[in-house]
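# Examining the three-dimensional arrangement
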Amino acid sequence: MLRRLFVLAIAIVPLLSTISIAAESLPKKPNIVFIMADDLGYGELSCYGQQILRTPNIDRLAAEGLKFTDVYAGSTVCAPSRCVLMTGLHTGHCRVRGNQRVPLLPDDVTVAEVLRDAGYVTGMFGKWGLGEPGTTGLPTRQGFEHWFGYLNQGNAHNYYPEYLWDNEQQFPLVGNVAEKGVASKKAIYSHDIVTDRALGFLEGVGDKPFFLYVPFTLPHVNNELRRATGDGMEVPNYGPYANEDWPNPEKGRAMMIHMLDRDVGRIMDKIRKLGLDENTLVFFTSDNGAQQEGGSKLEFFNSSGPLRGFKRDLYEGGIRVPMIARWPGVIEAGTVSDLPWAFWDFLPTAAELAGAAAPQGLDGLSVVPTLVGEDRAGHPQQQHGEMYWEFHERGSKQAVRRGKYKAVRLSPELPLELYNLETDLGETNNIADAHPELVAELEDYLTSARSESEHWPLRKRQRRRK
């Protein structure tokens, strides 16, 4: 509670001059839009090397802004990645470290709270995953004044649910009938109404600065539908891909990415139409790496690009994600950065942009100097010594990046694997035996990188029964 009171007390106090934006060089309190896809792979955008699918609206963001090559999600699955994004704490320290339904507590301070207390109108439209009905983890109890969508990741599998949440009330989607996550009657596709609500929020913000968080569900699969039919890529139709000579799950994946791109375009068109373009910073990313759970195959579209692995891995394909930032007149168009940063850096970045104080004890660093240039930011870009992840399904995995080196441990009792990302982006050559001193240092780091969690202790890998 003391931590929260501290934030409330100083949320609108400017940062110290050594870490603050130069007031004369940047607009004050820019609008911040954060659009996040669900299970979109590093290689599934044409601006990141995709050769078959086309994503013209997202590509335009990259052409008009800054494309990052070395940005990481908070985790390799949904809920913990979102917890990291909201709280500025990596998975060694944050409240929610897995998909078990553990809610945020009142002492958890979110980026929405920091921005709301700095005078921003805050709205979220999409998938939450950090608190069930009646808990302290609800979006409306964690800084969002307006929210519409799914509360948990399980319900979000179904694109034709019988209801969504409108603030703290159920909003019926009349005409949808579903049982155990599989729709028998389909009238309203959830992604469409979520996008409409996000557009409505933009129309209603008026002259106040705003924070719009849009965690779309696309292109996540409907796992229950996949178990029932073998094809979990739930779409209204196959659109421009209907006549392709592809398996239906591949058409479905392609159509999901098409709809995602289309509606990023709709949001950008609305921002331009409302005259908000020049003072709005837009981020686009994904919550983790590409999935291989809906009947489609990663190899079909080369969804992970040059990276090893996919969702649920701590190899690069599970956690390295696309990240684009666009701010006309401030961010230089068509630029590329290889700065390594991660979701836990978003909160301090947003706080600095808003002229607000971030909570003490975060794992994140502001990336404002990289976004706008060190001269305009008024201070140099800090970089992480190490970046840390842990994941808890069928045992516990850990990973750490230090500079060009990346270490992965697949279970607490197993040795570290070590890779040089500069020369081996695909993590194919384990060089641990050649660098015993570095391995020893990273072993020591892993012992101190996390705090204990009653919900997520480190566990040995569980052996599957034959």
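Residues numbered from 1 in each chain as written. Predicted model: local features only at pLDDT ≥ 70, side-chain atom pairs only at ≥ 80, totals over all residues. Heavy atoms only, no water.

### Topic: the sheet that holds strand β16 (residues 405-409)
Put simply, the rule is: Two strands are counted as paired when DSSP detects at least two bridges linking them. Each helix corresponds to a stretch of at least 4 residues labelled H or I by DSSP, and each strand to a stretch of at least 2 residues labelled E; elements are numbered beginning at the N terminus. Axes here refer to lines fitted to C-alpha atoms; in helices the fit is confined to the stretch in contact. Angles between the N-to-C directions go from 0 to 180 degrees.
Ordered in space as β14-β15-β16-β17, the four strands form an open sheet in which the pairing is antiparallel. The two strands at the open ends of the sheet, each matched to only one other strand, are β14 (387-392) and β17 (417-420). Across the sheet, the mean angle from the axis of one strand to that of its neighbour is 15 degrees, orientation sign disregarded. Both β14 and strand β15 (residues 396-402) contribute to a ladder of six bridges, which runs antiparallel. In the sheet register, F391 faces β15, and the bridge partner there is K397.

### Regarding the environment of R308
Which entries qualify depends on this criterion: The contact criterion used is simple: two residues touch if any of their non-hydrogen atoms lie within 4.5 Å. Any N or O atom pair separated by 3.5 Å or less is treated as a polar contact, with the protein-specific requirement of one donor-capable and one acceptor-capable atom, and with residues adjacent in sequence counted only for side-chain atom pairs.
On the secondary structure map, R308 appears in the loop between α8 (298-301) and α9 (316-319). In the structure, R308 is positioned 119 residues away from E427 in sequence and 6.3 Å away in space, judged by C-alpha atoms. With residues up to four places along the chain from it excluded, the contact list for R308 reads Y315, E316, G317, G318, E417, Y419, G426 and E427. Within polar-contact distance, the side chain of R308 engages the side chain of Y315 at 3.4 Å.

### Examining helix α13 (residues 436-448)
Definition in use: In this analysis, the expected span of each helix is defined as 1.5 Å times one less than the number of residues it contains.
Relative to the 18 Å expected for 13 residues at 1.5 Å per residue, α13 spans 19 Å between its end C-alpha atoms, a close match to the ideal helical length. Packed against the buried residues of α13 are β14, β15, β16 and β17.

### Focus on unusual backbone geometry
Stated formally: We call a residue buried when its accessible area falls under 20% of the maximum for its residue type, exposed when it is over 50%, and partly exposed in between, using a 1.4 Å probe and counting protein chains only.
Residue P219 is bonded to the preceding L218 through a cis peptide linkage, with omega at 0 degrees. Checked against the element boundaries, P219 lands in the loop between β9 (210-215) and α6 (223-229). Unlike most non-glycine residues, N167 shows phi in positive territory, near 55 degrees. Mapped onto the fold, N167 is located in the loop between β5 (163-166) and β6 (169-172). Judged by relative accessible area, N167 falls into the partly exposed class, the value being 29%.

### Description of the packing of aromatic side chains
Note the cut-off: Ring pairs shown here join Phe, Tyr and Trp side chains whose ring centres sit within 6.5 Å, with only the six-membered ring taken for Trp; geometry is labelled stacked below 30 degrees between planes, edge-to-face above 60, and tilted in between. Lysine and arginine charges are scored as sitting over a ring when NZ or CZ, respectively, is within 6 Å of the ring centre and within 35 degrees of the ring normal.
Throughout the structure, instances matching the rule amount to 26 aromatic pairs. Ring geometry for F34 versus F346: centroids 4.6 Å apart, planes at 55 degrees, classification tilted. With F34 in strand β1 (residues 31-37) and F346 in helix α10 (residues 346-354), this pair connects stretches of sequence that are 312 residues apart. For F34, a relative accessible area of 1% translates into the label buried. Cation over ring: K67 sits above Y48, and NZ or CZ is 4.9 Å from the ring centre.

### Observations regarding the packing of helix α2 (residues 56-64) against helix α7 (residues 248-273)
Here is the rule we go by: Angle categories: roughly parallel below 35 degrees, roughly antiparallel above 145, roughly perpendicular from 65 to 115, and oblique for all the rest. The classification used treats Ala, Val, Leu, Ile, Met, Phe, Trp, Tyr, Cys and Pro as nonpolar, Asp, Glu, Lys and Arg as charged, and all other residues, Gly among them, as polar.
In contact at an axis separation of 7 Å, α2 and α7 are set at 55 degrees when each is read in the N-to-C sense. Here α2 lies oblique to α7, going by the angle between them. Residues P56, N57, I58, R60, L61 and E64 of α2 form the contact with α7, whose own contacting residues are D261, R262, V264, G265, M268 and R272. Considered class by class, the residues forming the contact of α2 with α7 number five nonpolar, two polar and five charged.

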